[in-house]
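Geometric and topological summary
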Amino acid sequence: MTLLRVLQERLRAACIDCGIDEADAGRTNLSHVADLRFGDYQSNVAMVFSKSAKRSPRDLAEALKASIEVDDIGEVEIAGPGFLNFRVNSPAYAKRLSELLDDERLGVEQVEIPRRIIIDFSAPNVAKPMHVGHLRSTFIGDSLVRIGRFVGHDVVSDNHIGDWGTQFGMVIWAWKRSLDREALEDNPLNELLRLYRAASDKCGEADEIREECRQELVALQQGDEENLAIWRECVSLSREGLEVIYDRLGVSFDHWLGESSYNERLSDVVDDLLEKGLARESDGAVCVFSGGSEDPGVDPFKIQKDGEWEDKPMIVRKSDGAFNYATTDIATVDYRSEELRADAAWYVVDHRQGDHFRQLFSVAERRGRRIDLEHISFGTILGKDGKPLKTRSGDLPLLSDLLDDAVQAARQSSEGRSRLEREEERDALAELIGISAIKFMELSHHRTSDYIFDLDKMVSMEGDTAPYLQYSYVRCRSIFAKLGEDYVADGNDLELRDEREVHLARMLVRFGEMVPVVLEGFRPNLLAGYLLDLARAYHSFFQSCPVLKSEGSVKNTRLALCELTARVLRQGLRLLGIEVPERM
Ligand code: ARG
C-alpha cells in the first residue's frame, strides 16, 4: 500500500475515534506538500469537519494528533488554523523503497472498480491536412490510454476519422480532373491534400465549381458507383499513409471506426429524435432545440445576440436531406454505450468544438444514455510570434514536416556530443529524441494552455525536456554498466543517511501516489512535472553522493536508488508514450 493510503486510513480511523461520522471520515483527504519545510503530506480534515464535530479546527486537530498512530512512519504537527502536517522519517522511506524494488508496478495500485472507457482521439479528416491540433489530441489521447490501462481500466482506443465529410465532394471533383497517379502512389496523404486544396481554391473563385463539387458529394452519398470507388480508394490510401505516421509516433488504436461506419444508423437516429419529441423540423432541416431545463447562460442550445437569448439548435438533418457530423456523433454515442457497453467515452478534441460536445452530451442525456461523457479539450500550439503555428506560406504545418524538423533539430543538438560511434545508431537516436521531444513538450503543458512550439528548446538537454529525462535514465543505467552487473539486492535493509538520498526516496515513493491522480482532470502534465522533479532529485543526489566509490550498506542503498530511479523514469516516460535509449 502507498504511504499516502496508509496515512489516509490511519487518519480516517482517528477521525472515527474523534467522533466523526463514518461516511464523512471516508472523505478524509491527504495530499503531498509542495513546500517540504512543512512535511511530506498535509490534511485539512480538521477544518473541514470542525463544524460537524462542533469543535474548533485547532481543537479537533489536537484530538486527531493524539489519536492517530504514526510512530512507525514519522510524526504529525499542527500548523496554521488546523492543518495536520505529516513528516515521514527515513526508515519509513527506506522500508517503502525495498517494497518498491520487488514491485513491478512500482507502487501504482490497480483501481478497485475497473471501467470500460472509450478514448476517442487523434481523428484526423481524410484528405484534409492533419494539423497541429491533431498532434495535441494524438499525444494526450495516447498517454491517457496508456495511463488508463496501467491503472487497470478496460480502455478501448478509437480513431474516429473524418472519412465522410463534405471534403469528399471537392476531392472527387479534383480527382476526376487532375489526379497524379504516380504522386498518389508515392505519398498518398500529400496527393490527396493537393487535390483537396486545388478544389477548395477553385471553389473560392467560382460558384459553379462549388456547385459541381456539391453534386459530386450528393452523388457519393446517393451511392454512385464511380464516386464510391474513388472514395474507397481515398480512405484506404489515407489509412495507409496515416499508419506510417502513427508507427513513427508509436501510437496505435483498437478501432478505426470513422464517421462512415455509422452511415447506416443515421436515419434511425433522426427518426428516434423526432419520435421522442427531442427534434423538430425547422426551415426544412431537422433540429434539436433546448430542453428548457437549464438557465440560458449554461444552456448549449442558446446563444445571446444583442442582449436577447436566441435558439442555437443542433442540426441533425440538413434541408437537403444530408446528415452531418452531429448526427454521426449521436449514433456513435449509441454504439459506444449500447454495443461496446462502455461506462465512459472521453473525447480528446480541440476546445473550439466545446459547444458541439455540450450539445451532444445533452442529447445523450435526454435520450437516457447511461454513459459518462467527457470532452477533454485543449488549446492551441503557437509559433514563436505568439500566433497559431503556421508555415511560412501561411498554411497549417503538416504533422510529418513537424516531425522531420524535430528530428533534424535533435540531430543538430547532439552533434559532436553523442557517444554513439555508428551513423545508424545516431540516426535512430535522433529519430527517438526528436519525436519524444515534441511529445514531452506537449504533455508537460496543461492541456488547456497554449504553448509556443520551439524546436531548439524542446530538444535541448538542459531544461524541462524529453532528452533531459532520457539522459537522466542513461546516467542511472551507466552506473550498472560500470559496475559490470545489474542491480541485485544484498539482502540487508536499506539505510538513508544523506538528506539527498531521503529526498530521492521521497520522490520515488510518490510515483505510485501521483499516477492515478493524472486521470482526475486528465492531466498528463502532472506526470511530466513529476518526472522532471524526480530527475532533478536524482542529479542532486548523484552530484553529492558517490555510488561506486562507496561501500557496504551505503553502496547497496545508493545502487537501489539508482535502480529504482531508472525504472520509474522508464515506466513514467512510457506512460507518456516516450521510450528511453540505453545509450546516448
Ligand atoms: N475529425 C474531427 C476533427 O478533425 C475530430 C473528431 C473527434 N471525435 C468525434 N467523435 N467527434 O475535427
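On a predicted model such as this, the values are computed, not experimentally measured, just so you know. For every chain, the first residue of its written sequence is number 1, and the numbers climb from 1 along that sequence. With the structure being a predicted model, the display of local features is reserved for residues of pLDDT at least 70 and the display and counting of side-chain atom pairs for 80 or more, all residues being used for whole-chain, interface and lining totals. Only heavy atoms go into the side-chain values, all of them from the structure, while hydrogens and water stay out.

Helix and strand definitions here come from DSSP, where helices need a minimum of 4 consecutive H or I residues and strands a minimum of 2 consecutive E residues; each element is numbered from the N-terminal end. When helices and strands are tallied, the protein shows 21 helices and 15 strands. With respect to the three principal axes, the spread of C-alpha positions in the protein is 80 × 70 × 40 Å. The buried share of the protein, taken over its 584 residues, is 52%. Of the contacts made within the protein by residues no fewer than 6 positions apart, 73% connect residues no fewer than 24 positions apart. Accessible areas in this description were obtained via Shrake-Rupley with a 1.4 Å probe; residue shielding takes into account the shown protein chains only. Carbon and sulfur atoms form 46% of the exposed surface of the protein, whose accessible area is close to 27200 Å². Note that His is not counted, nor are the chain ends; the positive residues are Lys and Arg, and the negative ones are Asp and Glu. Every charge is mapped to an atom, namely NZ of Lys, CZ of Arg, CG of Asp or CD of Glu. Where the 75 positive side-chain charges of the protein centre and where its 104 negative ones centre are 4 Å apart. Buried residues are those whose accessible area, probed at 1.4 Å on protein chains only, stays under 20% of the maximum for their type, while exposed residues exceed 50% and partly exposed ones sit between those limits. Residue contacts are defined here by distance: any two heavy atoms, one from each residue, within 4.5 Å place the two residues in contact.

It is worth spelling out the sheet that holds strand β11 (residues 314-317) at this point. A pair of strands is treated as paired once DSSP finds two or more bridges between them. The three strands are arranged β7-β8-β11 in an open sheet whose pairing can be described as antiparallel. Each edge of the sheet is formed by a strand with only one pairing partner; in this case those strands are β7 (279-282) and β11. Each strand axis lies, on average, 45 degrees off the axis of its neighbour in the sheet, ignoring direction. Both strand β8 (residues 285-288) and β11 contribute to a ladder of three bridges, which runs antiparallel. Looking at β11, one finds that Cys287 is bridged to Ile315. Only the stretch in contact is used when fitting a helix axis, every axis being a line fitted to C-alpha atoms; angles between N-to-C directions are given from 0 to 180 degrees. Sheet strands in contact with helix α14 (residues 354-366) are β8 and β11, and its direction is about 70 degrees off that of β11.

The next subject is the packing of helix α7 (residues 167-178) against helix α10 (residues 207-221). Viewed as axis vectors pointing N to C, α7 and α10 meet at an angle of 105 degrees, and their least axial separation amounts to 7 Å. Comparing their axes, α10 and α7 come out roughly perpendicular. On α10, the residues touching Phe168, Gly169, Met170, Ile172, Trp173, Lys176 and Arg177 of α7 are Ile209, Glu212, Cys213, Glu216, Leu217 and Leu220. For classification, angles of less than 35 degrees are called roughly parallel, those exceeding 145 degrees roughly antiparallel, those between 65 and 115 degrees roughly perpendicular, and all remaining angles oblique.

Near the ligand you find Asp120, Ala123, Asn125, His134, His160, Tyr325, Asp329, Tyr347, Val349, Gln353 and Phe357, and these make up its full shell. At a separation of 2.8 Å, a nitrogen atom of the ligand approaches a polar side-chain atom of Asn125. Summarising the interface, the protein chains cover 91% of the accessible area of the ligand, which totals 350 Å² for the free molecule. As a working rule, the residues Ala, Val, Leu, Ile, Met, Phe, Trp, Tyr, Cys and Pro are called nonpolar, Asp, Glu, Lys and Arg charged, and the rest polar, with Gly in that last group. By residue class, the composition of the shell around the ligand is five nonpolar, four polar and two charged. Residues are labelled near a given molecule or strand when at least one of their non-hydrogen atoms is within 4 Å of it. Under this definition, polar contacts are N or O atom pairs within 3.5 Å; protein pairs additionally need one hydrogen-donor-capable and one acceptor-capable atom, and for neighbouring residues in sequence, both atoms have to be side-chain atoms.

What follows concerns α7. Helix length check: α7, at 12 residues, gives a terminal C-alpha distance of 16 Å against a target of 16 Å (1.5 Å per residue), a fit within 8%. In terms of residue burial, α7 counts as a mostly covered element, since nine of its 12 residues are buried. Turning to α7, its buried residues number three or more, namely Gln167, Phe168, Gly169, Met170, Val171, Ile172, Trp173, Ala174 and Trp175. The elements touched by buried residues of α7 are α8 (181-186), α9 (188-205), α10 and α11 (225-249). Here the expected length of a helix is defined as 1.5 Å per residue gap, with one fewer gap than residues.

The next point concerns the environment of Val580. Its place among the elements puts Val580 in the segment after α21 (552-575). Counting along the chain gives 147 residues from Val580 to Ile433, while the straight-line C-alpha distance between them is 8.9 Å. If near-sequence neighbours (up to four positions away) are discounted, Val580 is found in contact with Leu432, Gln470, Tyr473, Arg570 and Leu573.

Sheet strands pair via backbone hydrogen bonds, and the direction of the pair is either parallel or antiparallel. If you trace the four strands from one edge of the open sheet to the other, you get β1-β2-β4-β3, paired in antiparallel fashion. The outermost strands of the open sheet, each flanked by one partner alone, are β1 (31-32) and β3 (74-79). Looking at chain direction, strand β2 (residues 41-43) and strand β4 (residues 83-88) are connected through three bridges and run antiparallel. Pairing of Gln42 across the sheet is with Asn85, part of β4.

Nonpolar cores are built from buried Ala, Val, Leu, Ile, Met, Phe, Trp, Tyr and Cys residues. Side-chain atoms within 4.5 Å join them into one set. Judged by nonpolar contacts, the single largest core of 164 residues is most densely connected at Phe86 and Leu527. Non-local contacts of Leu527, meaning those with residues more than four positions away in its chain, are made with Ile147, Phe511, Met514, Val515, Val518, Gly572, Leu575 and Leu576. Leu257, Tyr262, Val333 and Phe361 belong to the second-largest nonpolar core, a separate cluster that totals 32 residues.

Before going further, it helps to examine the packing of aromatic side chains. The pairing test for Phe, Tyr and Trp rings, Trp by its six-membered ring, is centres within 6.5 Å, and the orientation test on the planes gives stacked under 30 degrees, edge-to-face over 60, and tilted for anything in between. By the definition in use, this model includes 14 aromatic pairs. Centroid distance Phe121 to Phe253: 4.8 Å. Interplanar angle 35 degrees. Geometry classified as tilted. Linking Phe121 in the loop between β5 (116-120) and α6 (132-150) with Phe253 in the loop between α11 and α12 (266-275), this pair joins segments that are 132 residues apart in sequence. Per residue, the accessibility class of Phe121 equals that of Phe253, and both read buried. On the basis of an interplanar angle of 90 degrees and a centroid distance of 5.0 Å, the ring pair of Trp164 and Trp231 is categorised as edge-to-face. Here Trp231 lies in helix α11 and Trp164 lies in the loop between β6 (154-158) and α7, a separation of 67 residues in the sequence.

Let's shift gears to unusual backbone geometry. One non-glycine residue, Leu106, adopts positive backbone phi at about 55 degrees. Among the structural elements, Leu106 can be located in the loop between α5 (90-101) and β5. Non-glycine residue Arg341 carries a positive phi angle of around 50 degrees. Overall, Arg341 belongs to the exposed group, its relative accessible area being 62%.

We count a salt bridge whenever a side-chain nitrogen from Lys or Arg sits within 4 Å of a carboxyl oxygen from Asp or Glu. Counting across every chain of the model gives 57 salt bridges. With its nearest N and O atoms 4.0 Å apart, the salt bridge here joins Glu425 to Arg422. Classification of Glu425 as partly exposed rests on a relative accessible area of 24%. We note a salt bridge from Glu582 to Arg477, for which the minimum N-O separation is 3.2 Å. Separated by 105 residues along the polypeptide, Glu582 in the segment after α21 and Arg477 in helix α18 (residues 466-483) bring together distant segments of the chain. What you see here is one network of salt bridges that share partners, running through Asp272, Lys276, Asp334, Arg367 and Arg369.

If you trace the backbone, Arg5 turns up in helix α1 (residues 3-17). Sequence separation between Arg5 and Ser261 is 256 residues, and the spatial gap between their C-alpha atoms is 45 Å. Apart from the residues lying within four places of it in its own chain, the contact partners of Arg5 are Glu109 and Glu112.

Remark: α6 packs on helix α16 (residues 423-443), axes separated minimally by 10 Å, with the N-to-C direction vectors making an angle of 80 degrees. One finds that α6 runs roughly perpendicular with respect to α16. Between α6, through Leu135, Arg136, Phe139, Ile140, Asp142 and Ser143, and α16, the contact on the second element is made entirely by Ile438, Lys439, Glu442 and Leu443. Taken together, the residues of the contact of α6 with α16 sort by class into five nonpolar, one polar and four charged.

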